[in-house]
Every structure is written in structure tokens, then in C-alpha cells.
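Structure at a glance
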Amino acid sequence: MRNHTDLESFLVMIQNAALQVEGDHDFDPKVYVDLPLKHSLPSTKEAFVSLFQNNNGSFNHFLNEFCDKPGSDLLPDNLTDFKNEPEGFLANVTNPAARDFALKMHSLWWLLARKVKERVHKDPHQHTLIPLPNPVVVPGARFREVYYWDTYWIVRGLLVSKLYETARNVVENLMFLANSFGFIPNGARTYYTNRNQPPLLSEAVMAIYHETKDVSFVEKAFPALLKEHNFWCADPHRVHIRDANGVEHVLTRYYAMWDEPRPESSTIDMQIAKGLERHQRAELYHHIATAAESGWDFSSRWMEDRHNLKTMKTSFILPVDLNAFLVQMENNIALFAKLLGKSDYEKHFYKLANSRKIAMDAILWNEEMGQYLDYWLTWSLNLLLSQVTYDFLPEHHNTDAYPSNFIPLWCGVVPPGDRKIQKMIASFKESGLLLPAGITTSLLQTGQQWDYPNAWAPLQHMIIEGFALTENEEGIALAKDISRRWLETNYVGYLETGEMQEKYDARYCGKVGSGGEYLPQAGFGWSNGVVLSLFERFGWAAEKKLTCE
Ligand SMILES: OC[C@H]1O[C@H](O[C@H]2O[C@H](CO)[C@@H](O)[C@H](O)[C@H]2O)[C@H](O)[C@@H](O)[C@@H]1O
């Protein structure tokens with residue numbers, strides 16, 4: 001388990017004090033762990049103690065005197081590779097409204113591109129922001145730092161915008177994190193280093209290689225990719241499980257190195273765990289942080305009773321999407337090894353990808369439903385017993401419908417021609433997940449943001465590209481249909497609110513999403529990236545209307 005840094009512990013104390021002073025109406029705890037200190041930590045602590053002990057001035061006065069504004073440790077970047085309308089930009093988007101919209105998305109990079117101020121490099125102990133070497137592109141609003149999996153869709157958008165240098169820079173930042181920590185944290189804040197996020201570095205490198213054919217970039221990335229792969233394949237992420245025929249397999253789970261409240265949401269986590277015994281609280285905090293590692297914070301997927309956050313058991317689940325991402329990573333590393341003439345690595349990684357694919361088919365594939373399903377391990381065993389070999393029990397599949405059950409299509413787990421494809425297409429169509437404005441995250445309305453009726457750009461994109469990759473006529477038609485719904489809802493939402501949203505409501509065209517522990521955020525990195533990427537893949541003809549159908 002990781003420990004708090006001294007600065008994090010102090011800022012969490014400030015966060016708790018702020019809640020007392022401000023009350024919980026629209027209270028965002030993350031603001032306080034993002035505060036940069038103006039002076040050294042010891043002198044700031046001294047002033048804070050004296051404020052409370054001697055009733056020496058107001059809390060707000062203390063904040064103004066000793067802290068800078070959250071986000072002020074970053075500056076706008078000057079995007080040296082930006083062109084207003086780069087040559088060849090979205091040649092197949094000829095409808096004027098669609099083209100204006102795409103150009104607007106292109107110009108939004110100005111809003112999200114930043115660089116870390118020199119003082120963060122000089123005095124890192126006064127900032128929770130990790131001083132990244134290159135300019136960054138952030139998701140937006142309260143997410144004022146780099147996020148790992150968001151970066152993948154940001155890169156896809158940057159490549160459509162022909163911002164090749166910026167795309168390389170942001171991926172090099174991820175390499176820097178992998179080389180510094182041995183894994184890529186959830187985000188570029190010290191308080192995010194207790195966990196990972198869905199591992200998409202190899203796919204980001206692949207996207208850049210695909211556009212630029214730059215082998216030296218792949219060479220630079222290779223050591224970081226090996227480090228990251230090692231991290232995911234070691235304990236406690238690794239799980240041994242015997243299938244119905246007694247064959248042993250290795251699969252992977254999310255597992256945060258943390259059993260305390262998340263620093264950025266400490267006041268919220270303490271509230272969720274209220275009334276529990278000490279050891280139960282620690283377990284719950286671990287599963288909460290692990291849910292954040294999954295990127296799906298929070299969702300019925302991780303809850304034993306599907307509704308109550310207190311029943312989260314995230315690290316006792318073998319998730320479909322994580323294992324599919326790892327097959328993709330292993331195949332990508334093998335392909336990079338081939339490019340670099342490293343034939344031993346090439347063979348080794350193809351073998352790993354193949355074994356994991358076999359394991360996914362044996363443990364996660366459900367023939368009757370025509371979907372891959374998350375698998376629940378037996379959680380009566382102590383958290384620390386990571387060495388056990390579990391036995392597969394078919395009734396431990398989570399049979400609820402989630403878009404993640406179809407992500408293997410995107411990750412090369414189900415190649416064109418595989419007999420599973422037709423089943424998955426039929427199963428998706430019957431699942432109820434596709435609504436008028438896109439794919440809902442689940443069919444369960446829990447009030448959590450990774451559930452019904454919210455629709456997230458990364459999920460739409462992976463499913464759309466996944467169906468398009470099937471080379472199956474019905475699959476490709478489905479991909480086009482979902483893409484149309486998604487672009488229309490994003491466009492109409494943009495016209496109505498003047499902003500791009502972090503998430504949408506799959507039920508109604510143009511409607512913003514909601515739920516979860518913070519107010520809906522706008523900006524927004526992955527949404528913009530997905531719009532640009534879908535316009536590039538499918539185009540938008542002059543005569544095709546862009547509006548809610
Ligand atoms: O502050 C609460 C949580 O916020 C983040 O999660 C959400 O935003 C991220 C940035 O867009 C996104 O990557 C994630 O999928 C969202 O659920 C953060 O990643 C969490 O760790 C954090 O606790």
C-alpha cells in the first residue's frame with residue numbers, strides 16, 4: 001500500500017476544514033487537494049494551526065495568504081503545431097454545419113493545452129501536481145491535470161487535427177510516468193499514484209505510429225511499455241483461475257494500492273463508509289479506489305447488490321474490458337517488437353496475447369448470451385490471499401448488460417471471421433443498451449455516473465470502432481448508426497449549451513449527463529477527440545442533415 005505524502009495529508013485536513021466552513025452544498029473536495037502552496041509546507045502548517053488554536057483570522061484569509069488558486073500551477077500552451085485549418089483536414093466532412101462543428105472541436109485544443117509552470121519543477125513539494133516534462137492536454141473544468149485513459153482519446157483527436165508534435169508530447173508524458181513510477185497513475189497528481197487507470201499507452205503509441213510511421217517513437221516507447229506490462233501481470237493484479245475442464249489460466253483484475261479515503265474525495269468516502277467497523281472501512285476504501293482505477297467510478301458493475309456503494313467489491317472481479325485491453329497491449333508490443341527487430345519479444349508477447357485470449361474465452365465468454373461477462377471471484381477469502389487458484393463457477397458471471405462486454409471486439413480478441421461476431425452483434429441489438437442518443441453505460445439507474453442513462457464518449461468510440469472492425473456488413477451498419485446518433489447528440493448539445501460535455505444522457509438527443517459525486521463537467525478532452533475521430537472515419541456528406549432525427 002502507498003502512503004499519503006505530507007502535503008496530501010495537510011491538504012486533506014484543509015479539505016475537511018473547508019467542508020465545516022462552507023457546508024456541503026456544491027462542495028467539491030478536489031479543489032482543496034489541488035491548491036498550490038505559496039510558501040513551504042512547514043510554515044503553511046504553522047499558520048493553519050495558529051488560525052484554529054488562537055482563532056487568528058478567517059479560513060478564507062488563510063487560503064488567500066498561503067495558497068494559490070487550483071490550476072494556477074499550469075499555463076496555457078502555445079500549440080506551435082496548430083494551424084487554423086490544416087491541409088487535408090476532414091476532407092469527407094462537406095456539410096457546412098458539420099464542418100463548422102468539427103473546426104470548433106479543432107479550435108478547442110487551445111482551451112485544454114497547458115504547460116507546467118517552472119515553479120512546480122523547482123518546488124515540487126508545494127504542489128500535488130506532478131511536474132511533467134512536456135506540454136499537456138487536460139480533460140477540462142475540474143479535471144485540470146492529465147488523466148491516463150482520457151489521453152488516448154485526446155491523442156486520437158489531436159491526430160485528426162494534425163497536431164502530431166503535441167500528440168507525441170502528451171504520449172511522452174505517459175512514458176515519463178511509466179518510467180518514473182513503474183506504472184502510469186490515474187492522473188498526474190501525487191494523490192493519484194495509489195492506482196492506475198485502463199491501460200491504453202500501447203494503443204496511443206499505435207495511433208501515432210499509424211499516422212507518422214515513426215519507428216524511433218516506437219523505440220522510445222518500448223521500455224515504458226514493458227514496465228507497464230510487468231506491473232499489470234504481477235501480484236496483486238494477477239489472478240489464477242481453473243476453468244470447467246480443470247485447465248489453469250491467468251487473468252487480471254483492477255487493484256488499487258490504497259485502503260484509505262481517496263484524497264481528492266476524502267470527505268465523500270468517509271460519508272459512504274459511515275457506520276462501518278474500522279477493518280470494513282479499510283476494505284471499502286480499497287474497493288472505492290479500485291473502482292477509480294477502472295475508470296468507471298462508480299458503477300453497478302462493482303457493487304454486489306448493484307445499487308449500494310457500500311457493497312462495492314471491485315478487486316474481486318475479473319473485468320472483461322481490462323483483460324481485453326491487455327490482449328490489445330500484448331499484441332501491440334509484439335508488433336512493435338517486430339518493427340524493432342526484437343524477435344524474442346515478438347514471439348513472447350504474441351504467446352501471452354494468445355494465452356489471455358484463450359483464458360477470456362474459457363472464463364469470461366458466455367455462449368448463451370453471446371457476450372463476454374465480468375466474473376465475480378469468491379470474496380469470502382481474505383483480501384491478502386492473492387496466491388489462491390480460483391475454480392470457475394458459471395453462476396459467478398455478472399449477466400447484466402454493459403458496453404464493456406463488447407469491448408473485446410475493439411481489442412482484437414474477436415478477429416474478423418470469428419463465429420462469435422454474429423452472436424455479439426445480435427446480442428448487442430437485443431441488449432437494450434442502444435438508446436436514441438447513444439449507448440447507455442448500463443440498464444440500471446443507480447444515480448452513479450457510470451450507469452443508466454449516461455453515455456460516455458470513450459465507450460461509444462470503442463464499440464463503434466469494434467463493430468466497424470468486424471468486417472461484417474451488419475456490424476459496420478451498426479457502427480455507422482451509433483456514430484450518427486453520437487455526433488448528432490454532441491452537436492445539438494453543443495448548440496444548446498455552448499460547450500462539449502464530459503458525458504451525455506443516452507435517452508435524449510442533446511441532453512447532458514448527470515449523477516455521481518461531482519457536478520457535470522464541460523470541456524471536454526475525450527468528447528472532442530471522439531467527435532473528430534468519428535468525423536474522420538465516416539465523414540459527413542453535404543446533403544446529410546446534422547440534427548436530432
Ligand atoms: O474526483 C472523482 C474522480 O474523478 C475522476 O474520474 C472521472 O473523471 C476522469 C477524467 O475525465 C475519468 O478518467 C474517469 O473515468 C471519470 O470517472 C478520477 O479519475 C477519479 O480517480 C476520481 O476519484
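A brief structural summary.

What counts, and at which threshold
- Residues numbered from 1 in each chain as written.
- Predicted model: local features only at pLDDT ≥ 70, side-chain atom pairs only at ≥ 80, totals over all residues.
- Heavy atoms only, no water.
- Helix = DSSP H or I, 4+ residues; strand = E, 2+ residues; numbered from the N terminus.
- Rg over C-alpha atoms; globule rule 2.2 N^0.38 Å.
- Contact = heavy atoms within 4.5 Å.
- Areas by Shrake-Rupley, 256 points an atom, 1.4 Å probe, with all protein chains shown as cover.
- Lys, Arg positive; Asp, Glu negative; His and termini not counted.
- Charge placed at Lys NZ, Arg CZ, Asp CG, Glu CD.
- Disulfide = S-S within 2.5 Å.
- Buried < 20%, exposed > 50% of the residue type's maximum accessible area, 1.4 Å probe, protein only.
- Pairing = 2+ DSSP bridges.
- Axes fitted to C-alpha atoms, helices over the stretch in contact; angles between N-to-C directions.
- Polar contact = N/O pair within 3.5 Å; in protein donor to acceptor, adjacent residues only side chain to side chain.
- Salt bridge = Lys/Arg side-chain N within 4 Å of Asp/Glu carboxyl O.
- Parallel < 35°, antiparallel > 145°, perpendicular 65-115°, else oblique.
- Left-handed = near helix turned anticlockwise from the far one by under 90°.
- Nonpolar A, V, L, I, M, F, W, Y, C, P; charged D, E, K, R; others polar.
- Core = buried A, V, L, I, M, F, W, Y, C linked by side-chain atoms within 4.5 Å.
- Phe/Tyr/Trp six-rings, centres within 6.5 Å; stacked < 30°, edge-to-face > 60°.
- Lys NZ or Arg CZ within 6 Å of the ring centre and 35° of its normal.

**Structural notes on the overall build of the protein chain**
Each helix and strand in the protein chain was counted, giving 19 helices and 14 strands. Here the C-alpha radius of gyration of the protein chain, 23 Å, is about what a compact globule of 549 residues would show, namely 24 Å. Based on the C-alpha atoms only, the size of the protein chain along its principal axes is roughly 75 × 60 × 50 Å. Considering only residue pairs separated by 6 or more positions, the protein chain has 73% of its internal contacts joining residues 24 or more positions apart. As displayed, the protein chain has an accessible area near 21,000 Å², and 51% of this comes from carbon and sulfur atoms. Each charge sign in the protein chain was given a centre, from 53 positive and 68 negative side chains, and these centres are 2 Å apart.

**Notes on the state of the cysteines**
All told, the structure shown has one disulfide when counted by the stated rule. Residue Cys509 pairs covalently with Cys548 via a disulfide, S to S 2.2 Å. In this structure, the disulfide formed by Cys509 and Cys548 twists by about -80° around the S-S bond and is classed as left-handed. In this pair, Cys509 is assigned in the loop between β14 (503–505) and α19 (525–538) and Cys548 in the segment after α19, connecting sequence segments 39 residues apart. Accessibility expressed as a relative area gives 27% for Cys509, which makes it partly exposed. Residue classification places Cys548 among the partly exposed residues on the basis of a relative accessible area of 30%.

**With respect to the sheet that holds strand β4 (residues 238–242)**
Hydrogen bonds between backbone groups are what pair the strands of a sheet, and the pairing can be parallel or antiparallel. One open sheet accounts for three strands, arranged β5-β4-β10; its pairing is mixed. In the strand order of this sheet, the two ends are held by β5 (248–252) and β10 (389–391), each with one partner. On average, each strand axis in the sheet is inclined to that of its neighbour by 40°, with strand direction left out of account. Two strands pair when backbone bridges link them, and β4 and β10 are joined in this way by three bridges, in the parallel orientation. Looking across to β10, one finds that Arg242 is bridged to Asp391.

**Quick notes on the environment of Gln15**
Within the fold, Gln15 resides in helix α1 (residues 6–22). Along the backbone, Gln15 and Gly275 are 260 residues apart, and their C-alpha atoms lie at a distance of 21 Å. Those residues in contact with Gln15, other than ones at most four positions away along the chain, are Phe27, Pro29, Lys30, Tyr32, Val33, Pro263, Glu264, Ser265, Ser266 and Thr267. Only 2.9 Å separates the side chain of Gln15 from the backbone oxygen of Pro263, close enough to count as a polar contact.

**Comments concerning the pattern of salt bridges**
Taken as a whole and assessed by the stated rule, the structure comprises 37 salt bridges. Glu8 is paired through a salt bridge with Arg2; the nearest N and O atoms lie 3.2 Å apart. Each of the two residues, Glu8 as well as Arg2, counts as buried. A salt bridge links Asp68 to Arg119, with the shortest nitrogen-to-oxygen separation between them at 3.0 Å. Separated by 51 residues along the polypeptide, Asp68 in the loop between α4 (59–66) and β1 (74–76) and Arg119 in helix α7 (residues 118–122) bring together distant segments of the chain. Assessed through its relative accessible area of 27%, Arg119 is described here as partly exposed. What emerges from the salt-bridge pattern is a single network uniting Lys30, Asp34, Arg144, Glu145 and Arg189.

**A closer look at the packing of helix α9 (residues 164–181) against helix α10 (residues 201–212)**
Two quantities define a packed helix pair, namely the angle between the helix axes and the distance between the axes. Where α9 contacts α10, the axes come no closer than 10 Å and their chain directions differ by 155°. Of the possible angle classes, the one that applies to α9 and α10 is roughly antiparallel. Considering only the axes of α9 and α10, their crossing is left-handed. Only Leu201, Ala204, Val205, Ile208, Glu211 and Thr212 of α10 make contact with α9, whose side of the interface consists of Tyr164, Ala167, Arg168, Val171 and Leu174. Considering only residue class, the contact of α9 with α10 consists of eight nonpolar, one polar and two charged.

**With respect to the side chain of Asp505**
With respect to the helices and strands, Asp505 occurs in strand β14. Those residues in contact with Asp505, other than ones at most four positions away along the chain, are Ala437, Pro453, Lys511, Val512 and Gly513.

**Brief notes about the nonpolar core**
Within soluble globular proteins, side chains that are nonpolar generally end up buried alongside one another. Judged by nonpolar contacts, the single largest core of 176 residues is most densely connected at Ile14, Val171 and Phe535. With 11 residues, the single largest contributor to this core is helix α14 (residues 320–339). Apart from residues lying up to four places away in sequence, Phe535 is in contact with Leu90, Val93, Ala98, Phe101, Ala102, Leu487 and Trp540.

**A look at the packing of aromatic side chains**
Counted according to the given criterion, the structure contains 39 aromatic pairs. Ring centres 5.8 Å apart and planes at 35° place the aromatic pair Trp149 and Trp450 in the tilted group. One end of the pair, Trp149, is in helix α8 (residues 148–160); the other, Trp450, is in the loop between β12 (438–439) and β13 (454–456), with 301 residues separating them in the sequence. Each member of the pair, Trp149 together with Trp450, is buried. On the basis of an interplanar angle of 50° and a centroid distance of 6.3 Å, the ring pair of Phe524 and Trp526 is categorised as tilted. Across from the ring centre of Trp540, 3.9 Å away, lies the NZ or CZ of Lys544, which sits over that ring.

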